[in-house]
Structure formats: C-alpha cells, structure tokens
Amino acid sequence: MRKVVFKGTLLPLLLIAPQIVITVVFFYWPASQAVWQSFLIQDAFGTTTEFVWLENYQVLFKDPGYYNAMGVTAVFSIAVAVLSLGLALLLAVMADKQIKGAGFYKTMLMWPYAVAPAIAGVLWLFMFQPSLGVLAQVLRGWGLDWNPLLNGRHAMILVIMAAAWKQISYNFLFFLAGLQSIPKSLIEAAAIDGAGPRRRFWTVIFPLLSPTAFFLLVVNIVYVFFDTFGIIDAVTHGGPAKATETMVYKVFQDGRLGGDLGGSNAQSVILMALVIALTAIQFKYIERRVHY
Amino acid sequence: MAEVELRAVRKSFGATKVIHGVDIKIADGELVVIVGPSGCGKSTLLRMVAGLETVSEGTIAIDGMPVNDREPKDRDIAMVFQNYALYPHMSVYDNMAYGLRNRGMDKAEIDRRVREAAKTLELAHLLERKPRQLSGGQRQRVAMGRAIVREPKAFLFDEPLSNLDAKLRVQMRVEIKKLQRQLGVTSLYVTHDQVEAMTLADRLIVMNAGVAEQIGTPMELYARPATTFVGGFIGSPAMNFFPARAANGRVELGGGIVLAMSNATAAGEVTVGIRPEHLTLGGADGVSLPIKVELIEHLGAEALVYGHLPGGAALTARIDGETDVALDAQLTLSVEPRHIHLFDKTSGRRVD
C-alpha cells in the first residue's frame, strides 16, 4: 500500500472534518446524552428531574418485560440474519452462473433495497393481512388459521420475512461482487482437482467469500438491532401482546409513548453496549478465521 | 501416462466457428506445443482437452477412451494455468494435497507425494507458506507441483510462463522441459511465444484462425514451412516475403532481379520466402539481391540489416556482428537456392 504524506495539518484536518462532524453530531452527542439521561428520572410532566444513579438500570433488570424483549430480539435477529444472509448467498451463487437474462434478475433482486423499511413493512402487512391479504387468503385456503394480528408466532414470522426480504438485496449485491472477484481459473483448477460443485463451494468459493460474509454479518447485526424499527412499527407495533417487541422498539414504546425517558435511555445504553460488544466479539473471534 | 488423440475436433460458440477441425495423435510421453497468435483458438483447444469447454464436433480420446462427455475430474489430467490459479487461502502443502484429498487418497501417501514433489521443485522449505508470500517463480513451481503429485495421464499447460519476467521465463522453460523428460508424462503446452515453442516441443502445432496450419517437429517446420503463416511465425527475425512470378525454374522478383531455381516446378504468381539468416554478404551467380542499407541493429554476435530491394519489397538480413557495414551503403546479398521457399500467392500454401 502506498502511503501519502500531506504537508501541513490544515488540509488533512479539513478532509476528515465532514466525517468527524457527522459522527459527533449524530452519534457521540446523542449517545452521551442518552448515557447522561439514563441516570435521571423525570416526572410525567417534565417539571422535576432527579439524579438517581443506576436506579433506571435496576428497575429494568427486574422487569420481566425487558427479558421478553431480549428474547424476542434474539429470535428475531438470528432468524433475520440467517435467512437474509443464506438466501442472498444462494441467489448470488445462482445469479453468478452465466444464464440468459442474468442482468434482468440482478436488477430485480436489487430493487427491494430501494424500498424504505416502513413501506416494506406495509407491503408485507397488506399481503398477509388476515381478511384482505392476497397471500393470507392462500394460506387460509390451505386450511391454515393465519392471523398475525392475534397470533404472536404468526406476527413474528411476518416481521422476520419482511425484515429479511428487505436486507437480501443488500447482501446479494455484496455476495455477487465477492463471487465475481474470484478468478474463474480457480474454480476450473478445483474442478480438474476432482472437487464436485458442492465441494468446490465449501472448500474454495466460501473461504474466499469469507471477508465479504464477515463484513455482512456485522452490518446485518446492526441492521436487525436498529434499522428494523420501521418494519415492526408499521406491521405489528410490537404486538400482539409484545410478541414482536424488540429491544429497539421497546426503547421507543417506553420513552415516546410511555413517557419514561430515564428508563428508555437506560435501554438505549444497554442496546448500544450490546451491539458494540457483539461487533467486538465478531472481530476478535470470527475475523481470525477469515482469509483476506 | 497415455496417448492423447484429437480426431477432427471442432468448436463453435453459437454460429461463430473458432476451431475448424484439428487432428493429432500425441504419443505417450511426448510434449506437443500448440503455438499461434492470440485469438487463434489454441487455448480453447487445450480447454477442450481439459474438459473445461465442450467439444462441438469430433472426438478427444485419452488412453484410447473417448472423453468428450467426461467431467474434467474424470479425465485424469492436470492443468497448469497462466495465472497459476493457486488457492489463496491454502498453504503450499494444502494446494498440492487438495486434488489428492478430493480423491480420497490415504493420508500417508498424500504426504509422501507432496514432500517428494516439493523436493523435486525445491519447495520443501515453503510448504507452510501461503501463495501470496511467494515470488512469481515459486508460485509457478507450486502450480507445477500441484500437477505432478496427481501423477496424471497428461499435463496441460496454458501459457504457464507468460506472467514471469524474461530471465525467469528462460529458467523455468528449462526446468519444465527437464521435468517433463524425467517424468515422461504426455504433455500439451500452449504458448504464443515461438521461441518457447521451438525449444520445448517434440512436435509443434502452429494454429492460425482456428486452423492447424502445420504439425511437425520444430526443425521440420523451420526447414519446410507449409504456409506463409508458418514461415513468418517460426523463426526470428521473421522470414522475408516478396511477391514474384515463377516460370521455367526462374523466379522474377521485379526490379530486374531474377532468382535461378533449377529444380522448382512452380509457375505463375508466387510469394518468395527467404529467412534473414540465410542471406549472406556478397553476390553469387543467379541469386544476388542488391539492397541499400537503411538501418542496422547491432546485437553483438550478429547484426540485423534492414533495406529495400529495387522492386520496393522490404528485406531484413542477419549478418555477422563484426562485419563492417555503413549506413546508406549498397550491399549485394545472396542466398542458396535450397533456402528459397515458394508459396502460392493466393492460398499461401507451399509450392515446390
């Protein structure tokens, strides 16, 4: 790698300034606000504020509702990550083969990424709305008592599908780029070396895709923890009976709707710490097994 | 080890025909080089033998068995690629062992073969390295090693030296030749470099635009090129060509130059081919070529003289490096009649 050395300090500072400013204004500032406010309790009308140290956290960890949100988040995030990464990889492998109309498929597979999360949510909501939804009718036709409005499990399946569908495009794009950067002669060499398609995939293609897969894993974890808020808000509002209330949705519910700013901020801090920890773990343990 | 036979092999991509019927029987242990300019179909031909391209028409047989419909892995061949195609995430050892593991070979036997190949190729101290930690020449040797350990029926080489610098290329060329002799494995080798082709080959296939122009030993091709293309491609600097008229054992070059070729039977419009190294200084009866020296390149042992004949045709001559020749001087060159090649003007085929 070539090193470029700037003369003076003004130009380099100016060059990195926009990035720094954005990070400070949209991350460090609100994050530090959240940390500060998580130590405070406000009354319902916002007239008095009291510094309570860790009381907000203590209350949270005694609240069974919070553990419920953790469980929901775990199920939701694992399912979405596995589904969106797995399906995207499968689609990318298929699209990488030289077939007629590959360009068309690729374009169509890209489109869902351009759809806003809330709109994606509404789309799935309509399709699976028990009394109106096209696909819900089909499911009912098969004798399945499909009702995400009442059945928590159905609601969970619905948000998982919507969130995964939305993310597949993004993952697909990166996997396809990764696949296309693998020299064709490597695959041919493996074919001559006696490896069948399946073995070629697992011993040659997948290891070479691992930097891409690792990057996507990190991005997807962040996505399911934060960006899926819009989908859940549009499709289920965390219901029925909090069956789809993820941690990020609970932050919103308790803070914006419940008026418990301190408790909500404490949840934000925990969520933030969790994502930082998960990313750190991924870098520490998984990255070692990644071949760059 | 085995014979490899191509019978009327053709290839087309859709309506585009890229190989128009190649026939050759490669004997056990023979090294055959396919040489030609880029786009002549030489790599496609090799890839068809490997099973990486389908055969449109004709038969490819290895060890007497047609293999047209066999997968690459079932043909028992090993291939060395131009970019080496080493698995970047595997060590040198694993790169060589991969093909053997895929075939479910016994671990001890794999280890024995890999270590033996590593010893032959002087890679023993590099077995734990990853390909990116190796130099170009070392990568090339690993690619060779991966082919050797398989002990296949045939080696296929697809321009294996073209990514190396000039010095290393000469060195590896010698190593490949020695190794191939030592192992005695039937080999098919593709290159665009005629020097590489001449030095390595037991027999050469010169390809042009999907046609095998001539098949033979390097010296046969040099001495009796079947077409103007082969004449121009084999040998460096390239053969001189002049348009001429032939009749009654005489060849008229225009500009008043007449070459006497008493045993030539050709008549009509022809192309005359004379190699630069067959031109000598000084006139001789009936075979003199006067030129004005326009450029001289001194290469040390020899010098290349460029000029034009009175008729306007460009000519290159290779003369002794110590001969004193001045720029703009008038020279008379001569050539022995046996070194004059005649080709049909339209078809480019040799006529005698």
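Residues numbered from 1 in each chain as written. Chains lettered and ligands numbered in written order. Predicted model: local features only at pLDDT ≥ 70, side-chain atom pairs only at ≥ 80, totals over all residues. Heavy atoms only, no water.

Draft legend 1. Inspection of the packing of helix H2 (residues 92-102) of chain B against helix H4 (residues 136-148) of chain B at higher detail. All names here are of chain B. For the pair H2 and H4, the least separation of the axes is 8 Å and the interaxial angle reads 30°. Classified by the interaxial angle, the pair formed by H2 and H4 is roughly parallel. Regarding H2 and H4, the two cross each other, and that crossing is right-handed. Where H2 abuts H4, its residues Val-92, Asn-95 and Met-96 lie against Val-142, Gly-145 and Arg-146. Across the contact of H2 with H4, the residue classes tally to 3 nonpolar, 2 polar and 1 charged. (Axes fitted to C-alpha atoms, helices over the stretch in contact; angles between N-to-C directions. Helix = DSSP H or I, 4+ residues; strand = E, 2+ residues; numbered from the N terminus. Parallel < 35°, antiparallel > 145°, perpendicular 65-115°, else oblique. Left-handed = near helix turned anticlockwise from the far one by under 90°. Contact = heavy atoms within 4.5 Å. Nonpolar A, V, L, I, M, F, W, Y, C, P; charged D, E, K, R; others polar.)

Draft legend 2. Structural view of the nonpolar core. Counting residues in each nonpolar core, the largest one holds 58 residues, and the members touching the most others are Phe175(A) and Leu6(B). Top element by residues in this core is helix H9 (residues 197-227) of chain A. It accounts for 7 residues. Ignoring anything within four residues of it in the chain, the contact list for Phe175(A) reads Leu85(A), Ala88(A), Leu89(A), Ala92(A), Leu209(A), Thr212(A), Ala213(A) and Leu216(A). Among the nonpolar cores identified, the runner-up in size contains 46 residues, and Ile110(B), Ala117(B), Leu126(B) and Val149(B) belong to it. (Core = buried A, V, L, I, M, F, W, Y, C linked by side-chain atoms within 4.5 Å. Buried < 20%, exposed > 50% of the residue type's maximum accessible area, 1.4 Å probe, protein only.)

Draft legend 3. View of the packing of H4(B) against helix H5 (residues 166-183) of chain B. Residues and elements named next belong to chain B. Where H4 contacts H5, the axes come no closer than 11 Å and their chain directions differ by 15°. Judged by the angle between their axes, H4 and H5 are roughly parallel. Two packed elements cross with a definite hand, and for H4 against H5 that hand is right-handed. Where H4 abuts H5, its residues Gly-137, Gln-140, Arg-141, Met-144 and Ile-148 lie against Leu-168, Met-172, Glu-175, Ile-176, Leu-179 and Leu-183.

Draft legend 4. Fine view of the interface of chain B and chain A. Every contact between the two is made by 23 residues of chain B and, on the other side, 19 residues of chain A. For the pairing of chain B and chain A, the buried interface totals around 1,700 Å² over both sides, and the portion due to carbon and sulfur atoms is 58%. Where chain B packs against chain A, one counts 2 salt bridges. Put simply, Asp193(A) and Arg150(B) hold a salt bridge, and the shortest N to O gap is 3.4 Å. If you look at where chain B meets chain A, you find 13 residue pairs in polar contact (both at pLDDT 80 or more). (Buried area = accessible area lost by both parts, 1.4 Å probe. Salt bridge = Lys/Arg side-chain N within 4 Å of Asp/Glu carboxyl O. Polar contact = N/O pair within 3.5 Å; in protein donor to acceptor, adjacent residues only side chain to side chain.)

Draft legend 5. Molecular detail of the side chain of Arg141(B). Residues and elements named next belong to chain B. Looking at the secondary structure, you find Arg-141 in helix H4. We note that Arg-141 is buried and unpaired, the nearest opposite charge coming from Glu-175 at a distance of 4.4 Å. When near neighbours in sequence (up to four residues on either side) are disregarded, Arg-141 contacts Leu-121, Glu-122, Leu-123, Met-172 and Glu-175. (Lys, Arg positive; Asp, Glu negative; His and termini not counted.)

Draft legend 6. Local environment of the sheet that holds strand S10 (residues 211-216) of chain B. Residue and element names in this part refer to chain B. Here 6 strands make up an open sheet; going across it, the order is S6-S7-S8-S3-S9-S10 and the pairing mixed. Unpaired on one side and paired on the other, strand S6 (77-80) and S10 mark the two borders of the sheet. The mean angle between the axes of side-by-side strands here comes to 15°, regardless of whether they run parallel or antiparallel. For strand S3 (residues 31-35) and strand S9 (residues 203-208), the ladder comprises 4 bridges, and the chain directions are parallel. Paired with Val-35 across the strands is Val-206, a residue of S9. (Pairing = 2+ DSSP bridges.)

Draft legend 7. Layout of the environment of Leu127(B). All names here are of chain B. Residue placement: Leu-127 occurs in the loop between helix H3 (107-120) and H4. Judged by its relative accessible area of 4%, Leu-127 is buried. Sequence separation between Leu-127 and Val-142 is 15 residues, and the spatial gap between their C-alpha atoms is 9.3 Å. Contacts of Leu-127, omitting those with residues within four sequence positions, involve Ser-91, Val-92, Tyr-93, Met-96, Val-114, Arg-115 and Ala-118.

Draft legend 8. Structural detail: the packing of aromatic side chains. Per the stated rule, a full pass over the model turns up 15 aromatic pairs over all chains. Aromatic side chains Phe229(A) and Phe252(A) sit 4.9 Å apart centroid to centroid with 80° between the ring planes, which places their arrangement in the edge-to-face category. Placement of Phe229(A) in helix H10 (residues 229-235) and of Phe252(A) in helix H11 (residues 247-257) is noted, with a sequence separation of 23 residues between them. Note on Phe229(A): relative accessible area 24%, which makes it partly exposed. Ring geometry for Phe241(B) against Phe343(B): centres 6.1 Å apart, planes inclined by 65°, an arrangement best described as edge-to-face. With Phe241(B) in strand S11 (residues 240-247) and Phe343(B) in strand S20 (residues 341-344), this pair connects stretches of sequence that are 102 residues apart. For Phe241(B), a relative accessible area of 28% puts it in the partly exposed group. For Phe343(B), a relative accessible area of 0% corresponds to the buried category. Every member of this aromatic cluster is reached through a ring pair, and the members are Tyr170(A), Phe174(A) and Phe215(A). The positively charged end of Arg146(B) is found above the aromatic ring belonging to Tyr87(B), 4.8 Å away from the centroid. (Phe/Tyr/Trp six-rings, centres within 6.5 Å; stacked < 30°, edge-to-face > 60°. Lys NZ or Arg CZ within 6 Å of the ring centre and 35° of its normal.)

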